[in-house]
Amino acid sequence: MAPLRKTQGFCIRRVDFSETSQVVTFYTRSEGLMRLVAKGSRRKKSATQGRIDLFACGEMVYIQKRPGTLNILAEFKPEELFDGLRHSLQQAYSAFYIAALLDRGTHEGQASAACYDFCVGMLETLASGARADVSRMVFEAHFLDELGVVPQVGRCVECSGALPGRGMVGYVVARGGPLCRECAPDDAWRVPVGALGVVEGLRRASPAAAGRISIAPKLRPFVRDILTRCMGHALELEPKMLQYLQEVRCD
Amino acid sequence: MSGYTKSLGNLMEELVKLPGVGKRSAERLAFHLLRVSTEDAMALARAIRDLKKNTRLCSKCFNIAESDPCGICSDSRRDRTILCVVEQTRDVIAIEEAGTYSGLYHVLQGRIAPLEGITPESLTISQLVDRVKVGGIKEVILATNPDMEGDVTANYIAEQLGPAGVRVTRPARGLPAGSQVEYVGKKIISDAFEGRQQIPPGSG
């Protein structure tokens, strides 16, 4: 018999599979992304305490099946539902965006307890009503770091030469970040050095601090653009969710 | 579909497009239709044709109907001051079967679910706001599902309806009849306690 395992996780996607069951995707602390069948979860008296809601977070017990087959969710006790996300479209969209990035940018079995804890912290921050736009940027900077593509600060990515302390520098996402005057091609996109410092600050910020960060208005569009371009490059597309976020004027 | 006659293969190709129908099921259904009488098979074909030909969306409430306005919108016995907003037609059927609501409906044709590409603009929210602005409606009941996407949709609509000055409500949530306290979740219990009601004296 396949072993029963236990971990912490939160739901990032769900599809009603039959009259009584759901196929759910969880982001878990010990296994990373995990897709499972929640048999009978749509029944009133189920071991998952009813239909599993998006972002419901708690301890889950599952039967691990062989690779390539869906695991079976045996038990799930939601401990946190992040109710505050429901009260504003901006908070909810930001949480959906986190879910979309996790679904797109991580793989089954690629576990990171630190990333899991950061995501839960971020959902708590968003649910508490913190500014959605800055909170989202903090998450993006952290997630880019997780993906290994966080922009380098202070040094040219080509020659490791020091960058100027102020002014504009060339930036080529495909080459990994900022370039000094000698290495940057003439047609390189140019960003203020200060914007790179802000991205670094966002990367180092904790989820709890996200709501207290303020970004100088003149640097803000550059910071937004750096994160969007890096994310698009890392995930090989511009996240569809960013388009929705712009529609609800989060930025 | 090789090995089958052209007609049988065509039918199977169409059946396999239905949700939950795989190749084996399509084959079983196709052979069943081959066996039944011509009359029965034609009745099915007519039913599908009539469904597609006669069914449309009501231009007022966006419920499926065979006439415009639909039977509910044109029923003079319904309370025209209350509007119940639901995600889909099946919710209208469920509420009608319960038999306690006598107002009008507005079907959103979904709920805000950006992960599936469904934004407020994909739904009939602007038509709802226009409908309320026309006047005559005193209360809007937001009966979207009590889950993350349903709540986000309800809160968004409530915000949009704010300037109209109508009473906006949400159906009560809590313990479902027939359930057991030990099996229901923390959230359901907390909702039930927040929405508790007094038992009138002498009702026992």
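Coordinates for the structure precede this section.
In short, a report on the structure.

Procedures and definitions
- Residues numbered from 1 in each chain as written.
- Chains lettered and ligands numbered in written order.
- Predicted model: local features only at pLDDT ≥ 70, side-chain atom pairs only at ≥ 80, totals over all residues.
- Heavy atoms only, no water.
- Helix = DSSP H or I, 4+ residues; strand = E, 2+ residues; numbered from the N terminus.
- Rg over C-alpha atoms; globule rule 2.2 N^0.38 Å.
- Buried < 20%, exposed > 50% of the residue type's maximum accessible area, 1.4 Å probe, protein only.
- Areas by Shrake-Rupley, 256 points an atom, 1.4 Å probe, with all protein chains shown as cover.
- Lys, Arg positive; Asp, Glu negative; His and termini not counted.
- Charge placed at Lys NZ, Arg CZ, Asp CG, Glu CD.
- Contact = heavy atoms within 4.5 Å.
- Buried area = accessible area lost by both parts, 1.4 Å probe.
- Salt bridge = Lys/Arg side-chain N within 4 Å of Asp/Glu carboxyl O.
- Polar contact = N/O pair within 3.5 Å; in protein donor to acceptor, adjacent residues only side chain to side chain.
- Nonpolar A, V, L, I, M, F, W, Y, C, P; charged D, E, K, R; others polar.
- Pairing = 2+ DSSP bridges.
- Axes fitted to C-alpha atoms, helices over the stretch in contact; angles between N-to-C directions.
- Core = buried A, V, L, I, M, F, W, Y, C linked by side-chain atoms within 4.5 Å.
- Domains from an automatic or database assignment.
- Parallel < 35°, antiparallel > 145°, perpendicular 65-115°, else oblique.
- Phe/Tyr/Trp six-rings, centres within 6.5 Å; stacked < 30°, edge-to-face > 60°.

Attention now goes to the overall build of chain B. Of the regular secondary structure elements, chain B holds 7 helices and 6 strands. The linear arrangement of helices and strands in chain B, starting from the amino end, is α-α-α-β-β-β-α-β-α-β-α-β-α. Compactness check: chain B gives a C-alpha radius of gyration of 23 Å against a globular reference of 17 Å for 204 residues, more than 25% above the reference. With respect to the three principal axes, the spread of C-alpha positions in chain B is 70 × 45 × 40 Å. Relative to its full complement of 204 residues, chain B shows a buried share of 35%. Carbon and sulfur atoms provide 54% of the accessible area of chain B, an area that totals close to 12600 Å². Taken together, the 26 basic and 25 acidic charged side chains of chain B have centroids lying 3 Å from each other.

This brings us to the interface of chain A and chain B. At the junction of the two partners, chain A supplies 28 residues and chain B supplies 25 residues. Across the interface of chain A and chain B, roughly 2300 Å² is buried in total on both sides, 60% from carbon and sulfur atoms. Taken together, the links from chain A to chain B amount to 3 salt bridges. On inspection of chain A and its partner chain B, the count reaches 5 residue pairs in polar contact (both at pLDDT 80 or more). If you list the elements that add at least two residues to the side of chain A that touches chain B, you get strand S1 (4–16), strand S5 (71–80), helix H1 (89–105) and helix H6 (240–247) of chain A. Examining the composition of the side of chain A that touches chain B, we find that 6 residues originate from one element, H1(A), more than from any other. A class-by-class count of the residues in the side of chain A that touches chain B yields 15 nonpolar, 2 polar and 11 charged.

This paragraph deals with the pairing of strand S4 (residues 57–63) of chain A. Residue and element names in this part refer to chain A. Here S4 lies mainly inside the structure; 6 of its 7 residues are buried. As judged from the 7 bridges shared by S1 and S4, these two strands associate in the antiparallel manner. Bridge pairing in S4 places Arg5 opposite Tyr62.

Attention now goes to unusual backbone geometry. Following Asp68(B), the chain continues into Pro69(B) via a peptide bond in cis, with omega recorded as 0°. Its place among the elements puts Pro69(B) in the loop between strand S2 (64–65) and strand S3 (79–86). The phi torsion at Phe55(A) lies on the positive side, around 70°, for a residue other than glycine. Note that Phe55(A) resides in the loop between strand S3 (32–38) and S4. Overall, Phe55(A) belongs to the buried group, its relative accessible area being 1%. With a phi close to 65°, Phe62(B) is a non-glycine residue in the positive phi region.

So, on to the sheet that holds S3(A). Hydrogen bonds between backbone atoms are what pair the strands of a sheet, whose relative direction is either parallel or antiparallel. Pairing within the closed barrel is mixed, and its 5 strands lie in the order S1-S2-S3-S5-S4 (chain A). Strand-to-strand twist across the sheet, computed as the mean angle between neighbouring axes with direction ignored, equals 50°.

This brings us to the environment of Ser190(B). Residue and element names in this part refer to chain B. Residue position: Ser190 is located in helix H7 (residues 186–194). Overall, the relative accessible area of 33% leaves Ser190 in the partly exposed class. Sequence separation between Ser190 and Arg173 is 17 residues, and the spatial gap between their C-alpha atoms is 9.6 Å.

Ranked by size, the top nonpolar core spans 113 residues in total, and within it Phe10(A) and Phe55(A) carry the most contacts. A total of 10 residues in this core trace back to one element, the largest contributor, which is H1(A). Viewed by domain, this core spans two of them, domain 1 (4–80) and domain 2 (84–151 + 186–247) of chain A, each represented by three or more residues. In terms of nonpolar packing, the next biggest core, distinct from the first, is built from 6 residues, Leu8(B), Met12(B), Val21(B) and Ala30(B) among them.

The next subject is the packing of H1(A) against helix H3 (residues 132–147) of chain A. Residues and elements named next belong to chain A. Relative to each other, H1 and H3 sit at 10°, their axes nearing to 10 Å. Between H1 and H3, the angle is such that the two are roughly parallel. Contacts between H1 and H3 involve Gln90, Gln91, Ser94, Tyr97, Ile98, Leu101, Leu102 and Gly105 from the first element and Ala132, Arg136, Phe139, Glu140, Phe143 and Leu147 from the second. By residue class, the composition of the contact of H1 with H3 is 8 nonpolar, 4 polar and 2 charged.

With that settled, consider the packing of aromatic side chains. In this description, a pair of aromatic rings is defined by centroid distance and the angle of the planes. Residue and element names in this part refer to chain A. Evaluated as defined, the whole model comprises 9 aromatic pairs over all chains. Relative to Tyr116, the ring of Tyr27 lies with its centre 6.3 Å away and its plane at 25°, an arrangement referred to as stacked. With Tyr27 in strand S2 (residues 22–28) and Tyr116 in helix H2 (residues 113–127), the pair connects residues that are 89 residues apart, well separated along the chain. Using a relative accessible area of 1% as the deciding quantity, one classes Tyr27 as buried. By way of ring pairs, the aromatic residues Phe10, Tyr27 and Tyr116 are connected into one cluster.

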